[in-house]
Amino acid sequence: MNKMQAFAKKHTLVYCVLAEIFVLGGMMLCSIAWQILLRNVPLGEYTILALQEACGALLAYVVLRQSGGGNVLLEKGIGFRKGLGVGGYFLVVGVISAASQFAAYEGERVLRPVYEIAVFAVCMFLVGMTEEFLCRGTIAQLLLERYGATKSGVWRAVIVSGVLFGAAHLTNLIGAEPVGVLVQCVVAGMMGMAFAAIYFRTGNLWVCVFLHGFVDLCGLITSGLYGTGGASEVISGYEPVQLIGVVYYVILLSVLLRKKKMNEILMRINQDQ
């Protein structure tokens, strides 16, 4: 065990907060660096974001490795296909979100160039990779080890990791309206709890990466396809009424972590130890 791993185990919550600051701060610096280096090259919002998220994915991977959790990337758990079944709620939500956007879209339906659409898609899955490596593979995993393989330990790891995930979205105050950002933080926090529950249920981090990227892609689909309304504009449009979504996440969590499935989680964790 290296010094970093020892610190993470002894001061887990502090380590988790510092890990978020390291990754998010690094991403901001990368974004600034890319814009300076490529200042004479016309770049779209999603190209800049993709470059930023590529740095974020690398930094999150470094944190994951340094905390001793690199092996989680190789763990299959219950398998990818079965894992998608566990997280099927997000597949449905993604499809509904995309369909509702297409139905409400009133702009001109002229597709952006293929390479820009490809960059958008890659960008969304890089977001999923960065955030899942950091918030589930590192933070949720460390918190579970800290709180212990018990029912209360799982719930505490799910809730605290979700709160930290929601708080990470405060960085969107740079460029987006405060009300929209605060709404996003609350909903993202609940979403983070659901992803942590799915991660503990499946034992497969790549399931969460895919579901996260899929939801983000669907949530910005018209922006990515038609080039209208970037991520900051979409976030600024969030309204308090959307907090009703918290209710659905509470129900989802109660289903994902019901007694029978909780017992399966604890059994799998104990077998892995």
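Cut-offs applied
Residues numbered from 1 in each chain as written. Predicted model: local features only at pLDDT ≥ 70, side-chain atom pairs only at ≥ 80, totals over all residues. Heavy atoms only, no water. Helix = DSSP H or I, 4+ residues; strand = E, 2+ residues; numbered from the N terminus. Rg over C-alpha atoms; globule rule 2.2 N^0.38 Å. Buried < 20%, exposed > 50% of the residue type's maximum accessible area, 1.4 Å probe, protein only. Contact = heavy atoms within 4.5 Å. Areas by Shrake-Rupley, 256 points an atom, 1.4 Å probe, with all protein chains shown as cover. Lys, Arg positive; Asp, Glu negative; His and termini not counted. Charge placed at Lys NZ, Arg CZ, Asp CG, Glu CD. Salt bridge = Lys/Arg side-chain N within 4 Å of Asp/Glu carboxyl O. pLDDT = per-residue confidence, 0-100.

Overview of the overall build of the protein chain
Counting its secondary structure elements, the protein chain contains 13 helices and 0 strands. When the helices and strands of the protein chain are read in sequence order from the N terminus, they spell out α-α-α-α-α-α-α-α-α-α-α-α-α. For the protein chain, the C-alpha radius of gyration of 19 Å lies close to 19 Å, the compact-globule estimate for 273 residues. When the backbone C-alpha atoms are referred to their principal axes, the protein chain occupies close to 55 × 40 × 35 Å. Within the protein chain, the fraction of its 273 residues that count as buried is 48%. Sequence-distant contacts in the protein chain: of pairs separated by 6 or more residues, those separated by 24 or more amount to 82%. Total accessible area on the protein chain is roughly 13600 Å²; 67% of this is exposed by carbon and sulfur atoms. One way to put it: in the protein chain the 20 positive side-chain charges average out to a point 16 Å from where the 16 negative ones average out.

A few points about the pattern of salt bridges
Applying the stated criterion across every chain, the model contains 4 salt bridges. As a salt-bridge pair, E145 and K9 come within 3.3 Å of each other at their nearest N and O atoms. Taken as a pair, E145 in helix α6 (residues 114–147) and K9 in helix α1 (residues 3–10) lie far apart in primary sequence, 136 residues in all. Looking at K9, the relative accessible area reads 41%, which means it is partly exposed.

Things to note about the environment of V209
Inspection of the secondary structure puts V209 in helix α9 (residues 205–219). C-alpha separation for the pair V209 and Y199, spaced 10 residues apart in sequence, amounts to 9.8 Å. Apart from the residues within four sequence positions on either side, V209 is in contact with F125, G128, M129, E132 and F133.

Notes on the confidence of the model for the protein chain
Summing up the model confidence of the protein chain, the mean pLDDT is 91 and the portion of residues at 70 or higher is 98%. Model confidence for the protein chain, summarised as mean pLDDT per element, is weakest for helix α11 (residues 231–236) at 77 and strongest for helix α7 (residues 151–168) at 96.

Looking at the environment of C135
Mapped onto the secondary structure, C135 falls in helix α6. C135 sits 58 residues away from M193 along the chain, and the two C-alpha atoms are 10.0 Å apart. The residues contacting C135, other than those within four sequence positions of it, are E20, A140, S161 and F165.

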